[in-house]
Amino acid sequence: MNRPIKPGESDEDRMERSRRVGWIDLDRIGKSRTLVIGAGALGNEVVKNLVLSGFEDITIVDMDRVVLSNLNRCLFFREEDAKRRSFKATALADMAQRMNAACRVSGMVMKVQDLDEGVFRSSDVVLGCLDNIAARLHVNAHCCHLGRPLIDGGTLSTSGKVQVVIPPDSPCLQCSMNRTHYRALERRFSCTGSDTTFFEPKLAAEITTTSVIAAIQVREAIKVLSGREDRCLHHLLRYDGLDNQALELEVPLDPDCGLHRRQ
Amino acid sequence: MRNAETGSTVDMELEEENTVQEIIEGAAGYWEKDSGAYVLRKGKRLLRGQQTVLDAGIGNSDDLELIPDPEGG
């Protein structure tokens with residue numbers, strides 16, 4: 001016999017409206033481990049969406065500190081964080097944790113290049129919220145090597161992109177790069193012989209585009225964990241907020257890409 | 001060739017052996033683009049940098065679009 005129901009009980013279930021979507025596997029999402037790399041604007045929006053979507057084990061990695069110019073697009077950072085120069089990863093983790101006590105949100109203050117491979121290995125999905133090509137290549141290589149789904153986002157002014165990499169079949173981030181990417185990377189790490197200088201370009205950024213891109217990233221993560229890879233972005237989505245256009249682009253797998261040759 | 005950021009266009013003369021990278025750099029230089037990363041689109045397909053005009057199947061009066069690759073997060 002079915003359990004008796006009570007009037008209004010559906011409003012006592014945090015995820016009741018999500019359950020109505022039907023195809024979302026909330027049980028698997030709740031048990032999954034999610035790695036978010038980058039705690040800037042995209043990281044803030046992505047983590048907010050993850051917590052609201054029922055993800056309960058989230059690790060955030062970032063080496064940077066909060067500054068006042070982050071506050072036009074970072075939901076979880078406060079002026080006090082900028083004054084204290086709080087670390088982004090822990091400030092974001094602390095605030096996200098407050099959204100749902102059942103979640104385990106942890107912040108790791110470090111360069112992604114120093115992150116133990118075990119953290120990648122133990123993650124069910126990786127969300128790239130990065131601001132540079134070197135870190136993207138590093139995360140991409142680890143995800144391809146370990147067979148972890150990577151959902152990478154990027155923004156520039158009012159345009160953005162999301163690329164879904166599901167190893168081993170998907171083209172990876174490296175497959176879509178060309179000489180202009182490597183030149184941009186070289187400019188960022190310019191070695192004079194006696195020392196290395198770091199050039200960090202100040203890129204145009206605003207919250208509405210960030211929100212759109214982060215929302216797409218998390219929705220793709222929900223699909224991956226719900227066994228709906230068949231409905232994921234096959235390659236890359238380009239979004240143009242000024243002209244209200246979104247276009248799914250095919251990225252050809254590069255036969256010379258070392259990450260695919262090894263597989 | 002179309003500039004995705006401004007909508008402006010320019011005709012480009014290409015040889016079969018020109019690479020996609022050369023096309024990107026030529027167009028970015030013409031429009032005095034910032035020194036960031038760019039990709040080239042033909043229809044719904046991004047073209048690989050090492051491909052030649054011949055490999056990529058670029059023909060007379062094909063429309064190509066130069067797109068900045070968003071790096072920020």
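Everything in this summary refers to the structure shown in the same document. For every chain, the first residue of the written sequence is number 1, and numbering continues from 1 onward in sequence order. Key to labels: chains lettered from A, ligands numbered from 1, both in the order written. Only residues with pLDDT of at least 70 are given local features in this predicted model, and only at 80 or more are side-chain atom pairs given and counted; all residues enter the totals for whole chains, interfaces and linings. As a rule here, side-chain values come from all non-hydrogen atoms in the structure, and water together with hydrogens is ignored.

Whenever a helix is involved, its axis is fitted only over the stretch in contact; in every case the axis is a line through C-alpha atoms, and angles between N-to-C directions fall within 0 to 180 degrees. To qualify as a helix, a DSSP run of H or I must reach at least 4 residues; to qualify as a strand, a run of E must reach at least 2; elements of each kind are numbered from the N terminus. With their axes 9 Å apart at the nearest point, helix 8 (residues 179-188) of chain A and helix 1 (residues 20-30) of chain B run at an angle of 60° to one another. In this structure, helix 8 of chain A uses R179(A), T180(A) and R183(A) to contact helix 1 of chain B, whose residues at the interface are Q21(B), E22(B), I24(B) and E25(B). When the residues that make up the contact of helix 8 of chain A with helix 1 of chain B are grouped by side-chain class, the tally is one nonpolar, two polar and four charged. Whether two residues are in contact is decided by their heavy atoms: any pair within 4.5 Å suffices. Here the term charged refers only to Asp, Glu, Lys and Arg, the term nonpolar to Ala, Val, Leu, Ile, Met, Phe, Trp, Tyr, Cys and Pro, and the term polar to all other amino acids, Gly among them.

All names here are of chain A. Between buried and exposed lies partly exposed: a residue is buried under 20% and exposed over 50% of the maximum accessible area for its type, with that area taken using a 1.4 Å probe on protein chains only. Most of strand 6 (residues 159-165) sits inside the fold, with seven of its seven residues counted as buried. Across the two faces of strand 6 the burial is the same, with S159, K161, Q163 and V165 and G160, V162 and V164 all buried. As judged from the seven bridges shared by strand 5 (residues 150-156) and strand 6, these two strands associate in the antiparallel manner. Across the sheet, the residue bridging to L156 is S159, located in strand 6. Two strands are counted as paired when DSSP detects at least two bridges linking them. Taking the residues between adjacent antiparallel strands as the criterion, strand 5 and strand 6 are bridged by two residues, where S157 takes a positive phi near 55°. As judged from the five bridges shared by strand 6 and strand 9 (residues 236-240), these two strands associate in the antiparallel manner. Residue pairing in the sheet places G160 in a bridge with Y239 of strand 9.

Between chain B and chain A, the contact holds 25 residues from the first and 39 residues from the second. Counting the surface lost from both chain B and chain A, the interface buries some 2700 Å², and carbon and sulfur atoms represent 51% of this. What makes a salt bridge here is a side-chain nitrogen of Lys or Arg within 4 Å of a carboxyl oxygen of Asp or Glu, nothing more. Here chain B is connected to chain A by five salt bridges. With a shortest N-O distance of 2.5 Å, R45(B) and E250(A) are connected by a salt bridge. In protein, a polar contact requires one atom able to donate a hydrogen and another able to accept it; more generally it is a pair of N or O atoms within 3.5 Å, and residues adjacent in sequence count only if both atoms are side-chain atoms. Counting across the chain B and chain A interface gives 18 residue pairs in polar contact (both at pLDDT 80 or more). Counting residues per element, the ones that place at least two in the side of chain B that touches chain A are helix 1, strand 2 (38-42), strand 3 (45-46) and strand 4 (64-68) of chain B. If one sorts the elements of the side of chain B that touches chain A by residue count, helix 1 of chain B sits on top with four residues. For the side of chain B that touches chain A, the class distribution of residues is nine nonpolar, eight polar and eight charged. Take the accessible area each of two parts loses on contact, using a 1.4 Å probe, and add the two losses: that sum is the buried area.

All names here are of chain A. Counting buried residues along strand 5, seven of its seven residues qualify, which places the element largely inside the surrounding structure. With burial as the criterion, each face of strand 5 is covered, one bearing L150, D152, G154 and L156 and the other bearing I151, G153 and T155. The sheet contact formed by strand 4 (residues 125-128) and strand 5 spans three bridges and is parallel. Bridged to G128 within strand 5 is D152. At this point the chain moves from strand 4, through helix 7 (residues 133-146), to the parallel strand 5, and the crossover so formed is right-handed. Note on handedness: a crossover is taken as right-handed if, strands pointing away from the viewer, the path from the first strand over the helix to the second is clockwise.

Moving on to helix 9 (residues 207-225) of chain A. The first and last C-alpha atoms of helix 9 of chain A sit 27 Å apart over 19 residues, in line with the 27 Å expected at 1.5 Å per residue. Directly after helix 9 of chain A, the chain includes G227(A), whose backbone phi takes a positive value near 70°. Between the first and last residue of a helix there are one fewer steps than residues, each counted as 1.5 Å, and that sum is the expected span.

This paragraph deals with a negative patch on the surface. Residue and element names in this part refer to chain B. A contiguous patch of negative charge, built from D11, E13, E15, E16, E17 and E22, is present on the exposed surface. Tracing the backbone through its elements, the reader meets E22 in helix 1. What makes E22 partly exposed here is its relative accessible area of 37%. For patches, a residue must show more than 30% relative accessible area and have no salt bridge; joins then use 9 Å for like charges and 5 Å for nonpolar side chains, namely Val, Leu, Ile, Met, Phe, Trp and Tyr. Here the accessible surface of atoms and residues is derived via Shrake-Rupley with a 1.4 Å probe, and residues count as covered only by protein chains that are part of the display. When charges are counted, Lys and Arg are positive and Asp and Glu negative, with His and the chain ends excluded. By convention, the charge on Lys lies at NZ, on Arg at CZ, on Asp at CG and on Glu at CD.

General note: in soluble globular proteins, nonpolar side chains tend to be found buried as a group. Residues and elements named next belong to chain A. In this text, buried Ala, Val, Leu, Ile, Met, Phe, Trp, Tyr and Cys residues form a nonpolar core when linked through side-chain atoms within 4.5 Å. The biggest cluster of nonpolar side chains holds 46 residues, and the ones touching the most others in it are V36, V46, L50, F55, I58, I60 and I151. If you list the elements that add at least two residues to this core, you get helix 2 (26-31), helix 3 (41-52), strand 2 (57-62), helix 5 (88-99), strand 4, strand 6, helix 9 and strand 9. Residues within four places of I151 in sequence aside, it is in contact with V125, V126, L127, G128, V162, Q163, V164, Q217, E220, A221 and V224.

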